[in-house]
Amino acid sequence: MKKILASQEALEKQIDRFSAEILKLKDKENNAMLSFYSSKLATSRKRLKKVETTVMQIQDRVENIARMHEQLLAAEKKQEQEKNGACSTADAEEELKEQESPDDTKEKS
């Protein structure tokens, strides 16, 4: 994304430079072709701005998705740890009962 924004910026500078050159020539000569190209450059500049805005919106969306993904993974990891902790507790309680059971049988006999 950074490369896209950098190339968009470079293109914008080129368009500005060409526009300035055309305006200089246009002031010296009243040429219909220069007016035509000047308007084309203005249109290109507008389109470039729209593309730049779209790229920035996409970048924001990608960053939001990445952030949500990280949060989801963290939540899943936490749930897994809690689940494993609960299983370990249940296993420990079961082992305790098993250890108590043989003793209880001996006492009853």
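Here, every reference points to the structure presented above.
Residues numbered from 1 in each chain as written. Predicted model: local features only at pLDDT ≥ 70, side-chain atom pairs only at ≥ 80, totals over all residues. Heavy atoms only, no water.

**Topic: the overall build of the protein chain**
(1) Moving on: Within the protein chain, the secondary structure is distributed over two helices and zero strands.
(2) Moving on: Looking at the protein chain residue by residue over its 109 residues, the buried ones come to 10%.
(3) Moving on: Across the protein chain, every contact between residues at least 6 apart in sequence was considered, and the portion connecting residues at least 24 apart equals 70%. (Helix = DSSP H or I, 4+ residues; strand = E, 2+ residues; numbered from the N terminus. Buried < 20%, exposed > 50% of the residue type's maximum accessible area, 1.4 Å probe, protein only. Contact = heavy atoms within 4.5 Å.)

**Regarding the pattern of salt bridges**
(1) Moving on: Applying the stated rule across the entire model yields three salt bridges.
(2) Moving on: Residues Lys 49 and Glu 12 are paired through a salt bridge, measuring 2.8 Å at the closest nitrogen-oxygen approach. You can see Lys 49 sitting in helix H2 (residues 32-108) and its partner Glu 12 sitting in helix H1 (residues 2-28), a full 37 residues away along the chain.
(3) Moving on: The exposure class of Glu 12 is buried, given its relative accessible area of 16%.
(4) Moving on: Its salt-bridge partner being Arg 45, residue Asp 16 comes within 3.0 Å of it at the nearest N-O pair. Taken as a pair, Asp 16 in helix H1 and Arg 45 in helix H2 lie far apart in primary sequence, 29 residues in all. (Salt bridge = Lys/Arg side-chain N within 4 Å of Asp/Glu carboxyl O.)

**What to know about the nonpolar core**
(1) Moving on: Formed by Ile 15, Ile 22, Leu 34, Leu 41 and Leu 48, the largest nonpolar core amounts to five residues.
(2) Moving on: Those elements giving two or more residues to this core turn out to be H1 and H2.
(3) Moving on: A total of three residues in this core trace back to one element, the largest contributor, which is H2.
(4) Moving on: The residues touching Ile 15, leaving out its near neighbours within four places in the chain, are Leu 41, Ser 44, Arg 45 and Leu 48. (Core = buried A, V, L, I, M, F, W, Y, C linked by side-chain atoms within 4.5 Å.)

**Some words on the environment of Ser 38**
(1) Moving on: As for its placement among the helices and strands, Ser 38 is situated in helix H2.
(2) Moving on: Here Ser 38 falls in the buried class, since its relative accessible area comes to 19%.
(3) Moving on: Separated by 15 residues in sequence, Ser 38 and Leu 23 have C-alpha atoms that sit 7.6 Å apart.

**Quick notes on the side chain of Ser 19**
(1) Moving on: With respect to the helices, strands and loops of the structure, Ser 19 is situated in helix H1.
(2) Moving on: When sequence neighbours within four positions are dropped, the list of residues in contact with Ser 19 reads Leu 41 and Arg 45.

So yeah, pure geometry; function would need other evidence.
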